[in-house]
Amino acid sequence: MNYIIDGHNLIGHIAGLELSMPDDEERLVELLQRFGRGTPHKLEVYFDGAPAGQAGVRSFGQVKAYFVRQGQTADEAIRRRLAKLGRSSAVWVIVSSDRAVQAAGREAHAQTLRAEDFARMVQGTLEGRLASERSSPEQTLSEEEVNKWLRIFRGPHKKM
């Protein structure tokens, strides 16, 4: 799945994040990076209210963050993106609880997902990965395997 995310709309639904935090946008991008890691997901997140000189697009791995300049809204930028995608918008999911943004997504034949539902999905996915990592025992090599690797790395001319 590919996601177009109304960033400030989503922040209010992520546990531990608040719009009043000075680094709320950075934290959301980091969370989305962790969510997307190891998946084919493309994630685009739109934030409005970027001060002069800070507007623009920045790539963070598979997350593209669009910082929309003051005087414009993320909603408008999302609508422009959908128009640019045309028919391919059908493979994108619009993440927002804003009814106007959802309507624009449906009109463009994209799927829509409320921000609170996406937040639960992201947090559930990350918690599941963490639990899986904790339950996976670290594998150790047997003495035979260690000796085999030593022979390989030593090569025919090295002595240990």
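Please read these numbers as outputs of a predicted model, since none were measured by experiment.

**Considering helix α2 (residues 24–36)**
Look at α2: 18 Å from first C-alpha to last across 13 residues, which is about the 18 Å you get at 1.5 Å a residue. Directly after α2, the chain includes Gly 38, whose backbone phi takes a positive value near 80°.

**What to know about the environment of Ala 52**
Mapped onto the fold, Ala 52 is located in the loop between β2 (42–50) and β3 (56–60). Given a relative accessible area of 81%, Ala 52 falls into the exposed group. Along the sequence, Ala 52 and Val 68 sit 16 residues apart, while their C-alpha atoms lie 9.9 Å from each other.

**Notes on the pairing of strand β5 (residues 92–95)**
The two faces of β5 match: Trp 92 and Ile 94 on one face and Val 93 and Val 95 on the other face are all buried. Alignment of strand β1 (residues 2–6) against β5, held across four bridges, turns out to be parallel. Within the sheet, the bridge partner assigned to Tyr 3 lies in β5 and is Val 93. Relative to strand β6 (residues 111–113), β5 runs parallel, the two sharing three bridges. Bridge pairing links Val 95 to Leu 113 in β6. In this view, the connection linking β5 to its parallel neighbour β6 by way of helix α4 (residues 99–107) has right-handed handedness.

**Let's talk about the packing of aromatic side chains**
If you walk through the whole model with that rule in mind, you get five aromatic pairs. Ring plane angle 80° and centroid distance 5.6 Å describe the contact between Phe 35 and Phe 118, whose orientation is recorded as edge-to-face. Note that Phe 35 is positioned in helix α2 and Phe 118 in helix α5 (residues 115–135), a separation of 83 residues in sequence. An aromatic cluster is defined as three or more aromatic residues linked by ring pairs; in this entry it consists of Tyr 3, Phe 35 and Phe 118.

Calculation rules
Residues numbered from 1 in each chain as written. Predicted model: local features only at pLDDT ≥ 70, side-chain atom pairs only at ≥ 80, totals over all residues. Heavy atoms only, no water. Helix = DSSP H or I, 4+ residues; strand = E, 2+ residues; numbered from the N terminus. Expected span 1.5 Å × (residues − 1). Buried < 20%, exposed > 50% of the residue type's maximum accessible area, 1.4 Å probe, protein only. Pairing = 2+ DSSP bridges. Right-handed = clockwise from strand over helix to strand, strands pointing away. Phe/Tyr/Trp six-rings, centres within 6.5 Å; stacked < 30°, edge-to-face > 60°.

Purely spatial values, then, with no claim about function.
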